[in-house]
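# Structural overview
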Amino acid sequence: MEKNKKTARFFSKPLMRQTIKSNWILCVAIMMIMVLLANVMNYAMSMMATERSDVDVTEYQESFYTYLGSLATYDTMTKQELSYQDFATGKNDAAYETAFAMMNAKTNMKLSVKGFQDSIDGLSQSGIRIDKYVKQFEYAYALKESEGVFDKKALTPSGMLTITLDMMGVSSEMVEKMSEMDPASMMNQMYYTAMGLLPIFILIVILANSLIADQVDRGSMAYVLSTPTKRSAVAITQLVFIIVVPFLILSVVCATRIGTSFLFYDKVNVAGMLALFGGMYILVEAVCGLCYMGSCLFSQSKKSMAFGGGLTVWFFLASMIGLFGSENMVNTGMGVSELSIFNKLTLVGLYDVNSLSTIGTGSIDFTFAWKLLILVGIAAACYTVGVIKFSKKDLPL
Amino acid sequence: MSVIEIHDLTKDYGHGRGVFHVSAQVEKGQCYGFLGPNGAGKSTTIRHLMGFSKPQIGRTLIDGKDCWTYSAELQREVGYLPGEIAFPTGMTGAQFLDMQKKMRGISDVTYLDRLLKRFELDPDIGLKQMSLGTKRKLAVVTAFMHDPKILILDEPTSGLDPIMQEIFIDYILEEKKRGKTIFLSSHIFHEVDALCDRIAIIRDGKIVSEFDPEVLKKESDKIYRVTFEDENQWKAFTSHNYTFTSINKPKLRARIQLKNSEITSFITDISQFHIKDFTEFPFSLEDYFMQFYHEDRKFEGVKQ
C-alpha cells in the first residue's frame, strides 16, 4: 500500500480545507452584515455632512447684514421696496446700483452690487438657506430700534433666545456646545468602537471556540490527532484561519466603504480610512488572541466560551459605556465625562479612533501608535501561549 | 522487543480515579485484551497510548518510540477506534472519509473500498443523520482505512448489532492472522474471550490479574453440580471435605468446586453414590471477572 511519509508539523492543508468548509457560511454572513452596516453608516454620515458645513461664514454674514441694513435704511428713506428677494431675481440691478451709490455717499461705505452678490455667494456655502438669514436680520432689525423699558439695554434676538431657553430649563451653554458638536466625528467613534465591532466580535468568539475547544469537548479532535498531524500543526492551522478571516472580512468592508465614499463625497481621505480599518483589525486580533487562548487552555467548550465570550462582551459593553464619557457625548448632554474611565477598562480603549483619523490630514497625532503596539503585543502573546499550551496539555479524548 | 510497552503508567485524576502503576507488554501479532468495568481506567490507558495525555509517572512506548513525544509519527502505523464516537458536524460520511484520506496521505482506495463492502457501509449520508450503528461502522472503517500494523480499539463492538459484531470479530481474527498487533479494551466478555491471547483485568486503575485465557481454562477450578435421589446419600456426600459453593437440601443438590489435582479422588468418591444428575459448569471468563468484581464489593463492605 502506498503511503505518504510526511508528518504535518506546522500546517495541515486538509484540516484547513475542513475548517473553511465548516465555517465559511458564518463568515460570509457576518461579512455581509458588516458591509451593509458600514455603507449605510457612510450614507447617513454623508447626508449629515451636506446639511451642515464646517465653512466659516461669519465674515460673509456680517457683510450681508450690512447690505440688508443699508437697503432697509434706503427703503424707509425713499419709500422704495428693494429687498434680497427682489435682488435675487436679478432684473433690477440698476435700481440697486443707484441705491448703493447713494448710501455710499451718505455713510462713506463701499457698497456695490458685486459686493452684495459676493456676500450672498459666500453665505450660501454654509448650507443654510439665505431666506433664514434674511428672516434673522428682520428680527434683529426690528429689535435694534428698541431697548428695555427698565434697564435701558438693547434687546437682541439671541438675548431673547437665551432667556427663553433658560426659562425652559435648558442650559444655554449646552445649546452652544451642541452647535459646536461634530456629528461626523461622533458617528465615526460610534461606528468604529461599538457598532462596527459587534458583528466581528460575535464571529471571533464563535470561531475561536469552535476551532479548538469545541472539537476537543465533543471528541471529534480525536480524528484529527489520530492521523499523522502534530498538535502544533492543528493549533497553527487554526491560528492561520483566525488571523486571515478577520483580515479578509475587514478588507472587504474597508474596500466597499472607500468605494461608496467616493460616491457620497467629493473628497475622500483614503489613507485615514485604511488606518482606521487597520487599527480595527489589530484590535480584533488582540481580542481574538484572548478567545483563542481560552479555547486552547480549556478542554470544555462552555468554559472556553465563558472566558472568550465573557471578556469580549465586557470589552464591548465597557466601550459602549465609555462612549458616553467621550467629549462629543458630554457636549451633547448625553454623557458624563466620569464615564470615560470605562475606556481604560477595555481593550477597545486602546484603539484610538480620534488620533487614527488624523492620518491623511495635515497634522498627524501619533498617540495611536503605542496603543496599537500594546494590542499587537497582547495578540502575539496570547497566540503563542495558546499554541504551546495546546501542544502540551492532556486532552480528554 | 514488544510492539506496545506500558511501563509503570500512573495518572491520578484525583478521587481515586485514573490509572496507577499499570504495566503491560504486547508482542507482535498478539491480541491483548483490557477488561474492566466502567471507569476502571481502560480509556485512560488508551489515551496515553495515543499520546493524548502525558503520563505523570512511567511511560508508554509503541515500536520503541515514546507515545507522547512521537504521537504524530506513530499514527501512521496505528489504527485507533475511539470509545465514544464524535464526528465533526456538517459533512457526509463520504466527505469525512475523504478528509481522513487526505490527512493520512492515502491515494490508494482499494483497501478502503474493501472495508466499506465488508461492513456494508454506505457513507453517502450526513454524519448527523447516521444511526449509532452506522456511525460505529464508519468509525471502524476510518480506523482501519490505512491498513495499520497496530490496532488500538476502545470498546470496539459496543453499538454494533449481533451480526455486525460477528463480522467485526471475524475481521479482527483475520487481521490477527495477517500479523497485526491488537490492543483492545472491553467490558464484553465474549468478544475478549473470542479474540484475545492475553487478558488483563483492570479495576480501580490497577491491573488485578493478567493471564492467558487458554491456560486459565485448563488450570482453573472445575465446578460440578451433583443431584441425589436419596437424602442419606446426599448427607454422606456433603460431609466430605470438598469446597462446596452451595448446598441445596430440598432439591438434594450440591455444587462443588474442585482444583485440578482433586479431580481423580473426586471421581473415585462419586462413583460410590447413586446419582440422579451430574452437570459440569463450563469455565467462563465472566465468572472469573465477576469474582474480582465481587471481591471488590466485599472489600467495600469491610471498609464500612
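Residues numbered from 1 in each chain as written. Chains lettered and ligands numbered in written order. Predicted model: local features only at pLDDT ≥ 70, side-chain atom pairs only at ≥ 80, totals over all residues.

Per an unreviewed UniProt entry, chain B goes by the name ATP-binding cassette domain-containing protein and belongs to Copranaerobaculum intestinale. Recorded under Sequence similarities (unreviewed entry), the UniProt text for chain B is reproduced unchanged: "Belongs to the ABC transporter superfamily." (UniProt positions renumbered as here; feature names shortened; annotations may be inferred.)

The name given to chain A in an unreviewed UniProt entry is ABC transporter permease subunit, with Copranaerobaculum intestinale as the source organism.

With that out of the way, let us pick up the environment of A143 of chain B. Residue and element names in this part refer to chain B. With respect to the helices, strands and loops of the structure, A143 is situated in helix α5 (residues 132-144). Sequence separation between A143 and G79 is 64 residues; the distance between their C-alpha atoms is 4.7 Å. Other than its neighbours up to four places away in sequence, A143 contacts G79, Y80 and L81. (Helix = DSSP H or I, 4+ residues; strand = E, 2+ residues; numbered from the N terminus. Contact = placed C-beta atoms within 7 Å.)

So, about the interface of chain B and chain A. Contact with chain B, which involves 28 residues of that partner, is made by 25 residues of chain A. For the side of chain B that touches chain A, the secondary-structure elements that each account for two or more residues are α2 (71-74) and α3 (93-104) of chain B. Looking at which element gives the most residues to the side of chain B that touches chain A, the answer is α3 of chain B, with 5 residues. Within the side of chain B that touches chain A, the residues separate by chemical class into 11 nonpolar, 8 polar and 9 charged. (Nonpolar A, V, L, I, M, F, W, Y, C, P; charged D, E, K, R; others polar.)

With that settled, consider helix α4 (residues 110-118) of chain B. All names here are of chain B. Turning to α4, its buried residues are L112, L115 and L116. Along the axis of α4, the buried residues cluster in a sector spanning 100 degrees; they form a single face. Residues of α4 that are exposed and point more than 90 degrees away from the buried face comprise T110, D113 and K117. Looking at the buried positions of α4, the neighbouring elements they touch are α5. After α4 finishes, the residue E120 shows a positive phi value of roughly 50 degrees. (Buried ≥ 20, exposed ≤ 12 C-beta atoms within 10 Å, placed from the backbone. Arc of directions from axis to C-beta.)

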